[in-house]
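The residues making up each chain are set out below.
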Amino acid sequence: MPITRVDKDLDAHTMTVVAEYDAPVERVWQLYADPRQLERFWGPPSWPATVTDHDLRPGGRVAYVMTGPDGEKSAGYWDVLEVDAPHRFVVVDGFADDAGQPNPNMPTTRMELELTERAGGGTTMTVLSTFASTAAMAQLLEMGMEEGMREAMGQIDGVLAEAT
Amino acid sequence: MVVDELTTPETDRIFHALADATRRDIVRRVLVQAHSVSALAREYPMSFAAVQKHVAVLEEAGLVSKQRQGRESLVRGDVDRVREARSALDALELVWRERVAQMDLILAEDP
């Protein structure tokens, strides 16, 4: 696995994922800059994405639709805030309605992506996700971070295993 | 917008309910065995009313249910609901792990 670090910061409501690739920065950038490549990894394996709109420039929008195993659709969009190709972009990721318009009733996530050259070649990708809603996501993160929670959940896992 | 799919009002309630140590402990106990509220109240250094309030939060999140038995209500854990919360927690990190693994596969296709 090329993921080298996952940090969850409850106070800042952020999650940082750091991954390393052997490919150069320009090549990794293409994964995001090319909609055909982006749609191959953005959706989970059981929810493949189709990128319907792709304007990765400040003020631009990227739109996508993910299709679930039973044919159900979930549309999303990025509002592009900053782009410094091939090293960095900042977008706000949100839910869209069936017409592809942002759904204001759903929470959004700010995503800051940075690609830096590794000494000796290759790329380090850092993705900083900042969750707009302090409610569910913060608690989610708190649960993941807190040792007591891990322990409690571990115990609950044991109980669940016995219950089945 | 995969990560935020977890932040529906329903999951919000689940995670709010589980964000408290006492409530997690209550869930753990009642998953093993149904308890009356007064039996639960004896386990914690707090008032009956406080424990009752914790149970109400868990009940609202669907993590436990109360069933009348004689003069008392028995609190039981909902196994499926707790499992759902557990999988939502894992999903948070998994989304990016899957993306990164998939990115790796795409890069591996390069000549």
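Note that the structure is a prediction, hence the values are computed from the model and not measured.

Criteria and cut-off values
Residues numbered from 1 in each chain as written. Chains lettered and ligands numbered in written order. Predicted model: local features only at pLDDT ≥ 70, side-chain atom pairs only at ≥ 80, totals over all residues. Helix = DSSP H or I, 4+ residues; strand = E, 2+ residues; numbered from the N terminus. Buried ≥ 20, exposed ≤ 12 C-beta atoms within 10 Å, placed from the backbone. Contact = placed C-beta atoms within 7 Å. Pairing = 2+ DSSP bridges. Axes fitted to C-alpha atoms, helices over the stretch in contact; angles between N-to-C directions. Expected span 1.5 Å × (residues − 1). Arc of directions from axis to C-beta. Parallel < 35°, antiparallel > 145°, perpendicular 65-115°, else oblique. Nonpolar A, V, L, I, M, F, W, Y, C, P; charged D, E, K, R; others polar. Core = buried A, V, L, I, M, F, W, Y, C linked by C-beta atoms within 7 Å. pLDDT = per-residue confidence, 0-100.

K.L.:
Describe in detail the overall build of chain B, supporting the description with residues and values.
P.N.:
Helix and strand content of chain B: five helices and three strands. If you list the helices and strands of chain B from N to C, you get α-α-β-α-α-β-β-α. Classification of the 111 residues of chain B by burial places 32% in the buried group.

K.L.:
Go over the overall build of chain A with me, naming the residues and quoting the values.
P.N.:
Tallying secondary structure elements over chain A gives four helices and eight strands in all. Ordered by position from N to C terminus, the α and β elements of chain A give β-β-α-α-β-β-β-β-β-β-α-α. Looking at chain A as a whole, 27% of its 164 residues are labelled buried. For chain A, restricting intrachain contacts to residue pairs at least 6 apart in sequence, the fraction spanning at least 24 positions comes to 35%.

K.L.:
Explain the sheet that holds strand S3 (residues 72-77) of chain B to me, using residue names and the numbers behind them.
P.N.:
Residue and element names in this part refer to chain B. Spatially, three strands are ordered S1-S3-S2 in an open sheet, and the strand pairing comes out antiparallel. Strand pairing shows two members of the sheet lacking a second neighbour, strand S1 (35-36) and strand S2 (64-69), which therefore form its edges. By the bridge criterion, two bridges tie S1 to S3 in an arrangement that is antiparallel. Paired with His 35 across the bridge in S3 is Val 75. Taken strand by strand, helix H2 (residues 21-32) contacts S1, S2 and S3, and its axis lies near 95° from that of S3. Contacting S2 and S3, helix H4 (residues 48-60) crosses the sheet at an angle of about 115° to S2.

K.L.:
An account of unusual backbone geometry is requested, with residue identities and associated values reported.
P.N.:
Cis geometry marks the peptide bond from A:Ala85 to A:Pro86, where omega comes out at -5°. Turning to its location among the elements, A:Pro86 is positioned in the loop between strand S5 (73-84) and strand S6 (88-96).

K.L.:
Can you explain H2(B)? Please cite residues and give values.
P.N.:
Residues and elements named next belong to chain B. Taking 1.5 Å per residue as the helical rise, H2 with its 12 residues ought to reach 16 Å, and the 17 Å between its terminal C-alpha atoms agrees with that figure. All of the buried residues along H2 are Arg 23, Arg 24, Ile 26, Val 27, Val 30 and Leu 31. The arc enclosing the buried residues of H2, seen along the axis, measures out at 160°, which places them on a common side.

K.L.:
Quick one: what's the story with the packing of H2(B) against H4(B), residue by residue and with numbers?
P.N.:
Residue and element names in this part refer to chain B. Between H2 and H4, whose axes approach to 10 Å, the crossing angle comes to 70°. Of the possible angle classes, the one that applies to H2 and H4 is roughly perpendicular. Packed against H2, whose contacting residues are Thr 22, Arg 23, Ile 26 and Val 27, the element H4 presents His 54, Val 55, Val 57 and Leu 58 at the interface. Per-class residue counts for the contact of H2 with H4 are five nonpolar, two polar and one charged.

K.L.:
How would you explain the environment of A:Gly100 if you had to name every residue and give the values?
P.N.:
Residue and element names in this part refer to chain A. Turning to its location among the elements, Gly 100 is positioned in the loop between S6 and strand S7 (109-117). Residue class for Gly 100 comes out partly exposed when judged on the 15 C-beta atoms lying within 10 Å of it. Separated by 47 residues in sequence, Gly 100 and Asp 53 place their C-alpha atoms 9.6 Å apart.

K.L.:
Now, about the environment of A:Asp34: what can you tell me, with residues and values included?
P.N.:
Relative to the helices and strands, A:Asp34 is located in the loop between helix H1 (25-33) and helix H2 (35-38). Spatially, the C-alpha atoms of A:Asp34 and A:Leu56 are 9.4 Å apart, while their sequence positions differ by 22 residues.

K.L.:
Explain the nonpolar core to me, and be specific about the residues and the numbers.
P.N.:
Judged by nonpolar contacts, the single largest core of 26 residues is most densely connected at A:Val28, A:Leu31 and A:Tyr64. When contributions to this core are tallied by element, the ones reaching two or more residues are strand S2 (14-21), H1, strand S4 (61-67), S5 and S6 of chain A together with helix H5 (79-108) of chain B. Counting residues in each nonpolar core, the second largest holds 16 residues, with B:Ile14, B:Leu18, B:Val55 and B:Leu58 among its members.

K.L.:
Go over the pairing of S2(A) with me, naming the residues and quoting the values.
P.N.:
All names here are of chain A. Here S2 shows a clear split, with Met 15, Val 17, Ala 19 and Tyr 21 buried on one side and none of Thr 14, Thr 16, Val 18 and Glu 20 buried on the other. Pairing analysis gives eight bridges linking S2 to strand S8 (residues 123-131), with the strands arranged antiparallel. Across the sheet, residue Tyr 21 finds its bridge partner in S8, namely Thr 123.

K.L.:
Pulling in residues and values, what's your account of the pairing of strand S3 (residues 49-54) of chain A?
P.N.:
Residue and element names in this part refer to chain A. Both S3 and S4 contribute to a ladder of five bridges, which runs antiparallel. Directly across from Thr 50, in S4, lies its bridge partner Val 65. Counting the residues in the hairpin turn of S3 and S4 gives six residues, including Gly 59, whose phi is positive at 90°.

K.L.:
Could you give an account of H1(A), naming the residues involved and the relevant values?
P.N.:
Looking at H1(A), one finds that the buried residues are A:Val28, A:Trp29, A:Leu31 and A:Tyr32. Down the axis of H1(A), the sector holding all buried residues measures 140°, keeping them to one side.

K.L.:
An account of the confidence of the model for chain B is needed here, citing residue identities and associated values.
P.N.:
Residue and element names in this part refer to chain B. On average, residues of chain B carry a pLDDT of 79, and 77% of them reach 70 or more. Low pLDDT, under 50, characterises residues 1-7; the stretch is placed with 25 contacts to residues that sit more than four places away or in other chains. What the predictor reports for the complex is a pTM of 0.60 with an ipTM of 0.72.

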